[in-house]
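Close look at the chain arrangement
What follows is each chain in one-letter form.
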Amino acid sequence: PLKAPQARSLRAALAEVPDPRTSNRSFPIGSMLAFIAMALLAGKTSLAAIQRYGAFLTHSQRVWLDFPEKKNGKGRKTPSYKALYNLLGKLDPQAFAAVLSEWLAEHEGELPRALAVDGKYVRDQVLTLCFSEHETGAPVACAVADEKPRTEDNKTDGELTVSKKLCSQTNLN
């Protein structure tokens, strides 16, 4: 869904997210996070779908993302399911959301502006919230609430609190 300059810009921005991996990093964090964001922008909703999305990237897209060359020198590889799983399991979601929201704000005017708000609890533990263009679903800004187990009492309050905070930090004009 992104053109080459946007993909490079996103990769550079996401390289600023602190890398929680200590070793075995054949993919730069900016490249992996940009790939994940591109897959999400393309409508992939599960980790398996995101990983499979990599198989459909062109050679040029893999170059834009700065994926490493294969050992045989023929093409560039894409992250495995395990590599994606390990990174996302250790990633600071607050830092990722902040950098992604800042990048989306920098590209204001290139992205649609009619918004919808959607909050989801991940494993009933962490609330994620996204402002998305209501017709296409393209994300405009995202945030992660403080970790708090989901209960019926804090479910609605958590979404409202996070959406108000995100609204105050996002240029909606």
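Presented here is a report on the structure given in the accompanying data block. (Residues numbered from 1 in each chain as written. Predicted model: local features only at pLDDT ≥ 70, side-chain atom pairs only at ≥ 80, totals over all residues. Heavy atoms only, no water.)

1. Considerations on the nonpolar core
The test is simple: For the purposes of this section, nonpolar cores are sets of buried Ala, Val, Leu, Ile, Met, Phe, Trp, Tyr and Cys residues that join through side-chain atoms within 4.5 Å. Whether a residue is buried, partly exposed or exposed follows from its accessible area with a 1.4 Å probe, protein chains only, as a fraction of its type maximum: under 20%, in between, or over 50%, in that order. A run of DSSP states H or I qualifies as a helix once it reaches four residues; a run of E qualifies as a strand once it reaches two. Both are numbered from the N-terminal end. A contact between two residues is defined here by any heavy atoms of the two lying within 4.5 Å.
Leu14, Val17, Leu33 and Phe35 are the most contacted members of the largest nonpolar core, which has 35 residues in total. No other element matches helix 2 (residues 29–41), which puts 9 residues into this core. When residues no more than four places from it in sequence are discounted, the contact partners of Leu14 are Ile29, Gly30, Leu33, Ala34, Phe96, Val99 and Leu100.

2. Examining unusual backbone geometry
Backbone geometry at Asp66 places phi at a positive 60 degrees, although glycine is not the residue there. Along the polypeptide, Asp66 turns up in the loop between helix 4 (59–64) and helix 5 (81–90). You can call Asp66 partly exposed: its relative accessible area is 38%.

3. A short note on the environment of Asn72
Counted only if it meets this: Two N or O atoms form a polar contact when they lie within 3.5 Å of each other; inside protein one atom must be a possible hydrogen donor and the other a possible acceptor, and for residues adjacent in sequence the pair counts only when both atoms belong to side chains.
Secondary-structure assignment places Asn72 in the loop between helix 4 and helix 5. Residue classification places Asn72 among the exposed residues on the basis of a relative accessible area of 55%. For Asn72, the side chain forms a polar contact with the main-chain nitrogen of Lys74, separated by 2.8 Å.

4. With respect to helix 6 (residues 93–106)
Put simply, the rule reads: An expected span of 1.5 Å times one less than the residue number is assigned to each helix.
For helix 6, spanning 14 residues, the distance from its first C-alpha to its last is 20 Å, which sits close to the expected 20 Å at 1.5 Å a residue. Within the sequence span of helix 6, burial applies to Ala95, Phe96, Ala97, Val99, Leu100, Ser101, Trp103 and Leu104. At the N-terminal end of helix 6, a side-chain oxygen is found 3.0 Å from the backbone nitrogen of Gln94, two or three residues along, and the residue is Asp92.

5. Quick look at the packing of aromatic side chains
Which entries qualify depends on this criterion: Here the aromatic set is Phe, Tyr and Trp, taking the six-membered ring for Trp, and pairing holds for ring centres within 6.5 Å; pairs whose planes are under 30 degrees apart are stacked, those over 60 apart are edge-to-face, and all others are tilted.
Evaluated as defined, the whole model comprises 4 aromatic pairs. Ring centres of Phe35 and Tyr53 lie 6.2 Å apart, and the angle between their planes is 25 degrees; this geometry places the pair in the stacked category. Linking Phe35 in helix 2 with Tyr53 in helix 3 (residues 47–53), this pair joins segments that are 18 residues apart in sequence. Across the pair, Tyr53 and Phe35 agree in class, each one buried. Ring geometry for Tyr81 versus Tyr85: centroids 6.3 Å apart, planes at 15 degrees, classification stacked. In this pair, Tyr81 and Tyr85 are both assigned in helix 5, 4 residues apart and thus about one turn of the helix distant. What makes Tyr81 partly exposed here is its relative accessible area of 41%.

6. Topic: the packing of helix 1 (residues 4–14) against helix 2
The line we're drawing: Comment: axis = line fitted to C-alpha atoms, over the contacting stretch for helices; angle = value between 0 and 180 degrees taken between N-to-C directions. Note on angle classes: values under 35 degrees are labelled roughly parallel, values over 145 roughly antiparallel, values of 65 to 115 roughly perpendicular, and the remainder oblique. Take the far helix as the reference: if the near one is turned anticlockwise from it by less than a right angle, the crossing is left-handed, and if turned clockwise, right-handed.
As a packed pair, helix 1 and helix 2 sit with axes 7 Å apart at the nearest point and diverge in direction by 125 degrees. Taken together, the axes of helix 1 and helix 2 are oblique relative to one another. Note that helix 1 runs across helix 2; the crossing there is right-handed. Counting all contacts with helix 1, which are made through Ala7, Leu10, Arg11 and Leu14, the residues of helix 2 involved are Ile29, Gly30, Ser31, Leu33, Ala34, Ala37 and Met38.

7. Structural notes on the side chain of Ser31
Turning to its location among the elements, Ser31 is positioned in helix 2. Residue contacts for Ser31: discarding those within four places in its chain leaves Arg11, Leu65, Asp66 and Phe67.

8. Let's talk about the pattern of salt bridges
Applied cut-off: Here a salt bridge means any side-chain nitrogen of Lys or Arg lying within 4 Å of a carboxyl oxygen belonging to Asp or Glu.
Per the stated rule, a full pass over the model turns up 2 salt bridges. Residues Arg25 and Asp19 are paired through a salt bridge, measuring 3.3 Å at the closest nitrogen-oxygen approach. Since its relative accessible area comes to 26%, Asp19 is described here as partly exposed.

9. Some details on the packing of helix 1 against helix 6
Packed helices, taken two at a time, are described by the angle between their axes plus the distance between the axes. The condition is simple: Following the grouping adopted for this structure description, the nonpolar residues are Ala, Val, Leu, Ile, Met, Phe, Trp, Tyr, Cys and Pro, the charged ones are Asp, Glu, Lys and Arg, and the polar ones are all others, Gly among them.
At their nearest, the axes of helix 1 and helix 6 sit 9 Å apart, and the two run at 145 degrees to each other. The handedness of the crossing between helix 1 and helix 6 comes out as right-handed. Counted together, Gln6, Ser9, Leu10, Ala13 and Leu14 of helix 1 and Phe96, Val99, Leu100 and Trp103 of helix 6 form the full contact between these two elements. Residue composition of the contact of helix 1 with helix 6, grouped by class: 7 nonpolar, 2 polar and no charged.

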